Amino acid sequence: MDLALRPGRADDAAECGRICFEAFSEIARQHGFPSDAPASAEAAAGMAESLLNHPGFYSVVAELDGRIVGSNFLDERSPVVGVGPVTVDPAAQNGGVGRRLMEDVMRRAAERGVPGIRLLQSGYHSRSFALYAALGFEFRETVACLQGRPIGGTVPGYEVRPATDADVAACNEVCRKVHGADRGGELADALKTGTARVTEHGGRITGYATDLSFFAHAVGETTEDIRALIAAAPAFGGPGILVPASNSALLQWCLRNGLKVGQLMSLMTIGLYNEPAGAYLPSILY
């Protein structure tokens, strides 16, 4: 197998998107689950294009005899980096391509001296779980992907409003309190797109969300902060929000309010990881 790895380019978007769509759709179909991929190959290509063109993402493409057979990305917008999406053409799977793509982004992280790497993987996909565990990732948390109609309403004592640039320092401080590191790069992007929200309690910011969606994260000092952000969301983007199963109070509240579990996922890490000192919703990247 003449497999070569190279940096991703903008003109790889269409083929990387096709592979992403087909790979996720096929593995989900085999296990009887809805796909995590965008709704079409064209939509997946649009996602790939945005990642390939974003200066905060590292990308690597795998070619077999000159033909693209897979890709991987590393979210480098914040001190702790997130892996994915890693995808391999169904016709080239089980041949070591995924391992090579993972080893490449892990090498990149080591060269940059990042304190930690994180990812989420679908709980039904035992092969990817085994690969990540073999590469040194540790299981940390089961996460439920929830989708449904907006809940609406408010949480008494907690005000939710759009975030502004003036909120960045307070939001990053909340994240550092909960996780031990901030995610300021992702927050900056969310402020540009207008999706970031904060929750205030007792006259100060006690939580924030970059959005309420599959690719967004939220952090709060307490479960009430996250409840307030979820309750205020007009919709839940993509496959839905990701709720740690260990936060039984939050998970049960979501279920009582009509949200449904689409699948369970595993949060896995290498390097820096603190047991969260608060409440949170991870993104699909971590």
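None of these values were measured; they are calculated from a predicted model.

A.B. asks: Help me out: how do you make sense of the sheet that holds strand E14 (residues 279-281) in this one?
C.D. replies: Strand pairs in the sheet, formed through backbone hydrogen bonds, run parallel or antiparallel to each other. Here we have five strands laid out as an open sheet, ordered E8-E9-E10-E11-E14, and antiparallel in their pairing. Two strands in the sheet have a free side with no partner beyond their single neighbour: strand E8 (159-162) and E14. Here the average twist between neighbouring strands, direction ignored, is 25°. Relative to E14, strand E11 (residues 218-220) runs antiparallel, the two being bridged by three bridges.

A.B. asks: Can you help me understand the packing of helix H7 (residues 223-232) against helix H8 (residues 248-256) in this one?
C.D. replies: Angle between the axes and distance between the axes are the two parameters that describe a pair of packed helices. Where H7 meets H8, the axes come as close as 10 Å, and the angle between the chain directions of the two elements is 25°. The orientation of H7 with respect to H8, classified from their angle, is roughly parallel. In terms of crossing hand, the pair formed by H7 and H8 is right-handed. Contacts between H7 and H8 involve Thr-223, Ile-226, Arg-227, Ile-230 and Ala-231 on the former and, on the latter, Leu-250, Trp-253 and Cys-254. A breakdown of the residues in the contact of H7 with H8 according to their chemical character gives six nonpolar, one polar and one charged.

A.B. asks: What is the right way to read the pattern of salt bridges from this model?
C.D. replies: Within the structure shown, the criterion is met by 25 salt bridges. Residues Asp-89 and Arg-18 are paired through a salt bridge, measuring 3.0 Å at the closest nitrogen-oxygen approach. Here the residue Asp-89 occupies a position in the loop between strand E5 (87-88) and helix H3 (97-112), and Arg-18 occupies one in helix H1 (residues 13-31), the gap between them amounting to 71 residues. Salt bridges linked by common partners bring Glu-15, Arg-18, Glu-22, Arg-67 and Asp-89 together as one network.

A.B. asks: Whenever I open this one, the side chain of Arg-183 confuses me. Can you help?
C.D. replies: Relative to the assigned elements, Arg-183 resides in the loop between helix H5 (168-179) and helix H6 (184-193). Within polar-contact distance, the side chain of Arg-183 engages the side chain of Ser-283 at 3.4 Å. When neighbours within four sequence positions are excluded, Arg-183 is seen to be in contact with Ser-78, Asn-172, Cys-175, Tyr-208, His-217, Ser-283 and Tyr-286.

A.B. asks: Sorry, what's going on with a nonpolar patch on the surface here?
C.D. replies: There is a patch of nonpolar side chains on the surface, built from Leu-255, Val-261 and Leu-264 and spanning about 240 Å² of accessible area. Summarising the element assignment, Val-261 is placed in strand E13 (residues 260-271). Under the relative-accessibility criterion, Val-261 is labelled partly exposed at 42%.

A.B. asks: It is not clear to me how the side chain of Asp-89 should be interpreted in this structure. Could you clarify?
C.D. replies: Assessed through its relative accessible area of 6%, Asp-89 is described here as buried. Contacts of Asp-89, omitting those with residues within four sequence positions, involve Arg-18, Ile-19, Arg-67 and Val-69.

A.B. asks: Honestly, helix H4 (residues 126-134) in this entry has me stumped. Any pointers?
C.D. replies: Owing to its 3.6 residues per turn, the α-helix aligns residues three or four sequence positions apart on the same side. Among all positions of H4, only Ser-128, Leu-131 and Tyr-132 are buried. Along the axis of H4, the buried positions cluster into a sector of 95°, meaning they face one direction only. In H4, the exposed positions that point more than 90 degrees away from the buried face belong to Ser-126 and Ala-134. Against the buried residues of H4 lie H3, strand E6 (116-122) and E13.

A.B. asks: Teacher, can you tell me more about unusual backbone geometry here?
C.D. replies: Trans is the prevailing form of peptide bonds, just as negative phi is the prevailing case for residues other than glycine. Cis peptide bonds are those with omega within 30 degrees of zero, and the linkage from Gly-84 to Pro-85 qualifies with 0°. One non-glycine residue with positive phi stands out, namely Asp-65, at about 55°. Relative to the helices and strands, Asp-65 resides in the loop between strand E2 (57-64) and strand E3 (67-75). Accessibility expressed as a relative area gives 60% for Asp-65, which makes it exposed. Positive phi, normally seen in glycine, also occurs at Asn-94, with a value near 65°. Locating Asn-94 in the fold gives a position in the loop between E5 and H3. Assessed through its relative accessible area of 65%, Asn-94 is described here as exposed.

A.B. asks: What is the right way to read the packing of aromatic side chains from this model?
C.D. replies: Two aromatic rings, taken as a pair, are described by how far apart their centres are and by the angle between their planes. Counted according to the given criterion, the structure contains three aromatic pairs. On the basis of an interplanar angle of 20° and a centroid distance of 4.5 Å, the ring pair of Phe-33 and Tyr-124 is categorised as stacked. A residue pair is termed long-range when its members are at least 10 positions apart, and Phe-33 in the loop between H1 and helix H2 (41-53) and Tyr-124 in the loop between E6 and H4 qualify at 91 residues. On the basis of relative accessible area, Phe-33 is assigned to the partly exposed category, the value being 30%. Residue Tyr-124 is classed as buried on the basis of its relative accessible area, which comes to 13%. With a centroid separation of 6.0 Å and 85° between ring planes, the pair formed by Phe-214 and Phe-215 is classed as edge-to-face. Overall, the relative accessible area of 45% leaves Phe-215 in the partly exposed class.

The rules behind each value
- Residues numbered from 1 in each chain as written.
- Predicted model: local features only at pLDDT ≥ 70, side-chain atom pairs only at ≥ 80, totals over all residues.
- Heavy atoms only, no water.
- Pairing = 2+ DSSP bridges.
- Helix = DSSP H or I, 4+ residues; strand = E, 2+ residues; numbered from the N terminus.
- Axes fitted to C-alpha atoms, helices over the stretch in contact; angles between N-to-C directions.
- Parallel < 35°, antiparallel > 145°, perpendicular 65-115°, else oblique.
- Left-handed = near helix turned anticlockwise from the far one by under 90°.
- Contact = heavy atoms within 4.5 Å.
- Nonpolar A, V, L, I, M, F, W, Y, C, P; charged D, E, K, R; others polar.
- Salt bridge = Lys/Arg side-chain N within 4 Å of Asp/Glu carboxyl O.
- Polar contact = N/O pair within 3.5 Å; in protein donor to acceptor, adjacent residues only side chain to side chain.
- Patch = residues over 30% accessible without salt bridge, like charges linked within 9 Å, V, L, I, M, F, W, Y side chains within 5 Å.
- Areas by Shrake-Rupley, 256 points an atom, 1.4 Å probe, with all protein chains shown as cover.
- Buried < 20%, exposed > 50% of the residue type's maximum accessible area, 1.4 Å probe, protein only.
- Arc of directions from axis to C-beta.
- Phe/Tyr/Trp six-rings, centres within 6.5 Å; stacked < 30°, edge-to-face > 60°.

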